[in-house]
Amino acid sequence: APPRPVLSVAVHADGAEVVATTSGGVRIWSVNGEPRAATEGMPPRAEEFTCSALVPAADWYREAMPATPVLATGHADGSIRWWTMDASPPAAGRGPCARMPTRLIELAGSRLVNGCHTGYAVTALCLPPEGERALWSADSTGTVASWAMPPEAQVASVRKLRANEPIISEESILFEGFVRKESARLKQLRTRWLVLTPTNLLSFRHERTYTDPTESIDLGTCTGVKAVDETHGLGRTQSGFIVQIPQRTFNFVCATAQERDDWVAAICLRLQVYDERRSSLGASLTDDVVDVLPDSVAGLL
């Protein structure tokens, strides 16, 4: 049979194991590539695997399940299933060094089947760190469900992500306005509505329409902000500024130098929050940020 494409990959919180999911099953390896466990047989097409998540080593799973689960899987029929290691010794493989993976066995009576996903493929699963008693799931219709696990698994909340739903709330907006942004491929200036939130810098095509951002910059990855009179790559004088992350430099142009200074000041003030966190780990970007600010704005910091 031809190989099946991998649908998802997950890594255990301690980094010791990796799980890969295909429509035909799940396999778990150690980080050194040793086979640990695998499902057996091919499921019916309507019950094919769609995603998986490794289970943290938490005591509450032992309370909620008849045996300690190691894996949760999502399926094409909308069900969520729990799996444990077969207690019997694995079968011997061929060859002197062959090692057969332990079988993964579905836990009897633990299958989650509920109207929120029935008939629609489960596309994502998320299990929180040890200590949190919850499970999140999502399906192909945009439905996201939160499950309260012990003593019995049941849906705690269901939310449908609607088309054109805003991805940010107006309460989270710190600064916003029109700018021109240089496109990544064609290097052309395009008018965008730029929005600064506590965690991101986002650009949108239309004023105060907070759906489908054309760009989302994680401020936690930002390495520098610089006010410039000649925007990089454009070859002409502008009231611009750049935002740098390890993978890319973003170029923005404002209508006036004052607007440019206001944007740089607002972004840098937010970066100070991240700088304080990084300083506790021995890293700092405050000096770099202050060095590139215009004199009229640097004093604000």
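Look a little higher up for the structure.
It should be emphasised that the depicted structure is a prediction, and the values quoted were computed from it without experimental measurement. (Residues numbered from 1 in each chain as written. Predicted model: local features only at pLDDT ≥ 70, side-chain atom pairs only at ≥ 80, totals over all residues. Heavy atoms only, no water.)

Hey, could you run me through the packing of aromatic side chains in this one?
The geometry of an aromatic ring pair comes down to the distance between the two centres and the angle between the two planes. Applying the stated rule across the entire model yields 5 aromatic pairs. When the ring of F175 is compared with that of W263, the centres are 4.7 Å apart and the planes differ by 90°; the resulting orientation is edge-to-face. Pair noted here: F175 is in strand 13 (residues 175-182) and W263 is in helix 2 (residues 257-279), with a separation of 88 residues, a long-range link. On the basis of an interplanar angle of 80° and a centroid distance of 5.8 Å, the ring pair of F204 and Y210 is categorised as edge-to-face. The two residues F204 and Y210 agree in class, both being buried. (Phe/Tyr/Trp six-rings, centres within 6.5 Å; stacked < 30°, edge-to-face > 60°. Helix = DSSP H or I, 4+ residues; strand = E, 2+ residues; numbered from the N terminus. Buried < 20%, exposed > 50% of the residue type's maximum accessible area, 1.4 Å probe, protein only.)

Looking at this structure, I do not really get the state of the cysteines. What am I missing?
Covalently bonding the sulfur atom of one cysteine to the sulfur atom of another cysteine gives a disulfide. Inspection of every chain in the model, using the stated rule, returns 0 disulfides. Take C222: it sits in no disulfide, and the sulfur closest to it among the cysteines is that of C268, at 7.8 Å. (Disulfide = S-S within 2.5 Å.)

How should the pairing of strand 2 (residues 17-22) be read in this particular structure?
Two faces make up the sheet, and in a regular strand the side chains alternate between them. Pairing of strand 1 (residues 8-11) with strand 2, which is carried by 4 bridges, proceeds in the antiparallel orientation. The partner of V11 across the bridge, within strand 2, is V18. Where strand 2 lies against strand 3 (residues 25-30), 6 bridges are found, and the strand directions are antiparallel. Note that in strand 3 the partner of E17 across the bridge is S30. Linking strand 2 back to strand 3 in an antiparallel pair, the connection comprises 2 residues. (Pairing = 2+ DSSP bridges.)

What's the story with the pattern of salt bridges in this structure? I'm lost.
Pairing is possible between side chains that carry opposite charge, provided their charged atoms lie close to one another. Tallied over the entire structure, the rule returns 9 salt bridges. The partner of E176 in a salt bridge is R208, and the shortest N-O contact between them spans 3.7 Å. On the criterion of sequence distance, the pair formed by E176 in strand 13 and R208 in the loop between strand 15 (200-204) and strand 16 (215-218) is long-range, its members being 32 residues apart. In this structure, the salt-bridge partner of R260 is D261, at a minimum N-O distance of 2.8 Å. (Salt bridge = Lys/Arg side-chain N within 4 Å of Asp/Glu carboxyl O.)

Please clarify how unusual backbone geometry should be interpreted in this entry.
Keep in mind that most residues, glycine aside, have a negative phi and that most peptide bonds are trans. Phi at K187 is positive, roughly 60°, even though this residue is not glycine. Mapped onto the secondary structure, K187 falls in the loop between strand 13 and strand 14 (189-196). Despite not being glycine, R208 shows a phi value in the positive range, around 50°. Given the relative accessible area of 48%, R208 is considered partly exposed.

Please explain the nonpolar core as it appears in this structure.
A general tendency of soluble globular proteins is for nonpolar side chains to be buried together. Ranked by internal contacts, the top residues of the largest apolar core, which has 21 residues, are L201, F241, V243, F252, W263 and I267. Put simply, the parts of the chain that give this core at least two residues each are strand 14, strand 17 (224-230), strand 18 (237-245), strand 19 (248-254) and helix 2. At 6 residues, helix 2 tops the list of elements feeding residues into this core. When near neighbours in sequence (up to four residues on either side) are disregarded, W263 contacts F175, E176, G177, V179, L194, V195, L196, L201, F241 and C254. (Core = buried A, V, L, I, M, F, W, Y, C linked by side-chain atoms within 4.5 Å. Contact = heavy atoms within 4.5 Å.)

Help me understand the sheet that holds strand 6 (residues 71-75) in this model?
Working definition: the strands of a sheet are paired by backbone hydrogen bonds and lie parallel or antiparallel to each other. Strands sit in the order 1-2-3-4-8-7-6-5 across an open sheet of 8 strands; the sheet is mixed. Strands at the two margins of the open sheet, each flanked by one partner only, are strand 1 and strand 5 (49-54). The sheet shows a mean angle of 25° between the axes of neighbouring strands, direction not considered. In this structure, strand 7 (residues 80-85) lies alongside strand 8 (residues 102-106), joined through 3 bridges in antiparallel fashion. Bridge pairing links T84 to I105 in strand 8. (Axes fitted to C-alpha atoms, helices over the stretch in contact; angles between N-to-C directions.)

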